[in-house]
Amino acid sequence: MKFNRLGTSDLNVSDICLGTMTWGIQNTQRDADEQIAFALEKGVNFMDTAEMYPVPPNKETYGDTERVIGNWLSRHKDKRSDVVLMTKVAGSGLRYIREGGPITAEAVTTALDDSLARLHTDYIDVYQLHWPNRVTPHFGKHWPDNANPTRLDRDQEVEGMRDILIGVKRALDSGKIRHWGLSDDTPWGIHTFLTLCSEMDIPKPVSIQNEFSLLHAKDWPYLIEMCELEGIAYLPWSPLATGMLSGKYQDGARPEGSRWTLAQRMGLFRDKGPAQAATKKYVAIANQAGITPSQLALAWCQQVPGVTSTIIGATTMVQLKENIEAFSITLSQETLDEVHDVFREHPLGF
């Protein structure tokens, strides 16, 4: 297992970050215990969750993933210091979470205390803002007819971010969090938080996690360059494009129990013709290279300059073992050339 420094923090994290959003709907406590044990055995020391998990989010299961992790931590207190644990405060849009309100200083304080209680821990290693209060080009909104920055009130957004940082500083000063980070944000968001941190004398974010894969590489190279030069760890989430790059959804297939058989909060916006066409070609390249399509996608993600740790998830142990094995694979130049030929044809699959 390879380890990298998490931004400007004092934390060294594994190349692999264990994602947990299926725990509580698709996976049971027993499943989670088995996944954690296996990941730790393989050298994974990095774990990511969120207050709104499991996914698909709903009122009945809100917070259950943190409860699953907390259950494990309560039984393995000696392992807490071995794990770099991240969680996130939810933004606006979910009525059952703080009445659907935006992230504020008070929301950070309330959500953090609730997460600590569910997780059975005294501190969070990295506390993240799950998504910005403003509409950004994420979650399928990266096309010209979706996010519209001309409709935003810049001063209002900046003041909202300033207020959030008051809550972040309070959490840092109390020792409830060691570091903080961003998620689903943009170069402007990063820049503005860095400026405000300097003005307010608050430690800057150490990481950002954004969706990133062979089908969705809009952050490369511009946002990733900014992260690298500013000392912010870049953490790809959904490197398999919600499982699409495994090839299991080809030709309209919907395997029983798979994510695409569940209700989707924003619909199956990744299921687009270019993405399916690209995936078919990536599957062929993987077969020729003697690895699985998932391993091809993950090994590619790992080798992108500026990627610190890749967030993976699995609903079965077979998938988890396959995915972890991907990080010991070095893609040949011939395979990379073939991958990038397809990438140039379909730079944004969905």
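Please read all numbers here as calculations on a predicted model, not as lab measurements.

Calculation rules
Residues numbered from 1 in each chain as written. Predicted model: local features only at pLDDT ≥ 70, side-chain atom pairs only at ≥ 80, totals over all residues. Heavy atoms only, no water. Phe/Tyr/Trp six-rings, centres within 6.5 Å; stacked < 30°, edge-to-face > 60°. Helix = DSSP H or I, 4+ residues; strand = E, 2+ residues; numbered from the N terminus. Buried < 20%, exposed > 50% of the residue type's maximum accessible area, 1.4 Å probe, protein only. Pairing = 2+ DSSP bridges. Right-handed = clockwise from strand over helix to strand, strands pointing away. Axes fitted to C-alpha atoms, helices over the stretch in contact; angles between N-to-C directions. Parallel < 35°, antiparallel > 145°, perpendicular 65-115°, else oblique. Left-handed = near helix turned anticlockwise from the far one by under 90°. Contact = heavy atoms within 4.5 Å. Nonpolar A, V, L, I, M, F, W, Y, C, P; charged D, E, K, R; others polar.

Looking at the packing of aromatic side chains
A full pass over the atoms with the stated rule returns ten aromatic pairs. Consider the rings of Tyr 62 and Tyr 96, whose centres lie 6.0 Å apart with planes at 65 degrees: the pair is edge-to-face. With Tyr 62 in the loop between β4 (46–48) and α2 (64–75) and Tyr 96 in the loop between β5 (84–89) and α3 (105–119), the pair connects residues that are 34 residues apart, well separated along the chain. On the basis of relative accessible area, Tyr 62 is assigned to the buried category, the value being 17%. Where Tyr 249 meets Trp 260, the ring centres are 4.0 Å apart and the plane angle is 5 degrees; that geometry is what we call stacked. Remark: Trp 260 occurs in the loop between β9 (233–237) and α7 (273–289) and Tyr 249 occurs in the loop between β9 and α7; sequence separation between them is eleven residues. Assigned by exposure class, Tyr 249 and Trp 260 land together as buried.

Brief notes about the pairing of strand β7 (residues 177–183)
With six of seven residues buried, β7 lies mostly within the body of the structure. Where strand β6 (residues 124–129) meets β7, five bridges bridge the pair, whose relative direction is parallel. Looking at β7, one finds that Tyr 127 is bridged to Trp 180. Note on the crossover from β6 through helix α4 (residues 154–174) to β7: the handedness is right-handed.

Quick notes on the packing of α4 against helix α5 (residues 187–200)
It is at 10 Å that the axes of α4 and α5 come closest, and there the two elements cross at 55 degrees. Judged by the inter-axis angle, α4 sits oblique to α5. Two packed elements cross with a definite hand, and for α4 against α5 that hand is right-handed. Residues Arg 154, Glu 157, Val 158, Met 161, Arg 162, Leu 165 and Ile 166 of α4 form the contact with α5, whose participating residues are Trp 188, Gly 189, Thr 192, Phe 193, Leu 196, Cys 197, Glu 199 and Met 200. Class assignment of the residues belonging to the contact of α4 with α5 gives a composition of nine nonpolar, two polar and four charged.

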